[in-house]
Amino acid sequence: MLTITHLAAAVLLGMLLNMNRDEWFVALTFGVAVDLDHAFAAPRYIADNGWDAILRPSWDDESGLPWKSLFHYPVGGFVVAPLAIGWRFMIPLLFWSVHVAGDYLQNWTIEQSAVVESVLLAGLSVGIVFVAYRNWLSLQPEGDFKGFMSVCRSRVGSFASGTGRAIRARLGST
Ligand SMILES: [Zn+2]
């Protein structure tokens, strides 16, 4: 699966679980950063298959060379499960399992993987907006979807202008 789909899945699950900052960090490490292994495999893979091959749904080029770490296989559970028990919470195991399950789903449906991936990503995005709206409604019982959208828009706007200001300050041109 594309890393963005994994990210959407982890964000939605995290929102449903109402996690705190530390839990988010652990969840994104095990649920999304697992894909960093592709970055290590990339130079060899691109050298052998060319740049366009990056967009192929599977990087298995039949060379027999590895492109995923152990963490992409159920056997990685032998490493993740003891961690989860040791830390006394199941977040690493849960988010890691969702990641591996997502990649397996893609392998089972490899012929239609572009369709499966788009439908999944769209569904997850709708889910994220829905949960965010529901959370917002519990604080603003009088609110409606229009009000929610305008709050989102102004938040994105102030984030963007804040970031712009910070960059300009860095560059010394206030
Ligand atoms: Zn993956």
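Parameters and conventions
- Residues numbered from 1 in each chain as written.
- Predicted model: local features only at pLDDT ≥ 70, side-chain atom pairs only at ≥ 80, totals over all residues.
- Helix = DSSP H or I, 4+ residues; strand = E, 2+ residues; numbered from the N terminus.
- Rg over C-alpha atoms; globule rule 2.2 N^0.38 Å.
- Buried ≥ 20, exposed ≤ 12 C-beta atoms within 10 Å, placed from the backbone.
- Contact = placed C-beta atoms within 7 Å.
- Domains from an automatic or database assignment.
- Axes fitted to C-alpha atoms, helices over the stretch in contact; angles between N-to-C directions.
- Parallel < 35°, antiparallel > 145°, perpendicular 65-115°, else oblique.
- Left-handed = near helix turned anticlockwise from the far one by under 90°.
- Nonpolar A, V, L, I, M, F, W, Y, C, P; charged D, E, K, R; others polar.
- pLDDT = per-residue confidence, 0-100.
- Core = buried A, V, L, I, M, F, W, Y, C linked by C-beta atoms within 7 Å.

Draft legend 1. The arrangement of the overall build of the protein in detail. Looking only at helices and strands, one finds seven helices and zero strands in the protein. In sequence order, the secondary structure elements of the protein are arranged as α-α-α-α-α-α-α. Over its C-alpha atoms the protein spans a radius of gyration of 20 Å, topping by over 25% the 16 Å that the globule rule assigns to 174 residues. When the 174 residues of the protein are sorted by exposure, 12% land in the buried category. Counting only contacts in the protein whose residues sit at least 6 apart along the sequence, the fraction spanning at least 24 positions is 64%.

Draft legend 2. Expanded view of the domain arrangement of the protein. Looking at the assigned domains, one finds that the protein contains domain 1 (3-138) and domain 2 (144-174). On a C-alpha basis, the centroid separation for the pair domain 1 and domain 2 is 29 Å.

Draft legend 3. Representation of the packing of helix α1 (residues 3-17) against helix α6 (residues 113-139) within the structure. One can describe the packing of α1 onto α6 by two numbers: an axis separation of 9 Å at closest approach and a directional angle of 30°. In terms of their interaxial angle, α1 and α6 are classed as roughly parallel. Pair α1 / α6 crosses with left-handed handedness. Here I4, T5, A8, A9, V11, L12, M15 and L16 of α1 come into contact with α6, specifically with E117, L120, L121, L124, S125, G127, I128, V131 and A132. When the residues that make up the contact of α1 with α6 are grouped by side-chain class, the tally is 13 nonpolar, three polar and one charged.

Draft legend 4. Inspection of the confidence of the model for the protein at higher detail. On average, residues of the protein score 85 in pLDDT, and 96% of them reach the 70 mark or higher. Confidence, expressed as mean pLDDT per element, reaches its minimum in the protein at helix α4 (residues 77-86) with 77 and its maximum at α1 with 92.

Draft legend 5. Local environment of the environment of F159. Along the chain, F159 falls in helix α7 (residues 145-171). Residues F159 and Y73 lie 86 residues apart in sequence; the distance between their C-alpha atoms is 38 Å.

Draft legend 6. Structural view of the environment of G14. As for its position among the elements, G14 is in helix α1. Separated by 124 residues in sequence, G14 and S138 have C-alpha atoms that sit 18 Å apart. In this view, G14 contacts M19, W24 and A27; residues no more than four positions away in its chain are not counted.

Draft legend 7. Seen up close, unusual backbone geometry. Positive phi, close to 55°, is recorded for N18, a residue that is not glycine. Following the sequence through the fold, N18 ends up in the loop between α1 and α2 (21-31). Accessibility expressed as a C-beta count within 10 Å gives 9 for N18, which makes it exposed.

Draft legend 8. Spotlight on the packing of α1 against α2. Axis separation between α1 and α2 bottoms out at 10 Å; the angle between their running directions is 150°. The pairing of α1 with α2 is recorded here as roughly antiparallel in orientation. Considering how the two elements wind past one another, α1 and α2 form a crossing that is right-handed. Here H6, A10 and G14 of α1 lie close against α2, whose contacting residues are W24, A27, L28 and G31. In terms of residue class, the contact of α1 with α2 is made up of four nonpolar, three polar and no charged.

Draft legend 9. Spotlight on the environment of R155. Residue placement: R155 occurs in helix α7. With 72 residues separating them along the chain, R155 and L83 place their C-alpha atoms 37 Å apart.

Draft legend 10. Representation of the nonpolar core. Of all hydrophobic cores here, the largest spans 13 residues; its most connected members are A8, A9, A10, L12, A27, F30 and F95. Residue contributions to this core peak at five residues, all from α1. The residues contacting F95, other than those within four sequence positions of it, are A10, L13, A27, F30 and G31.

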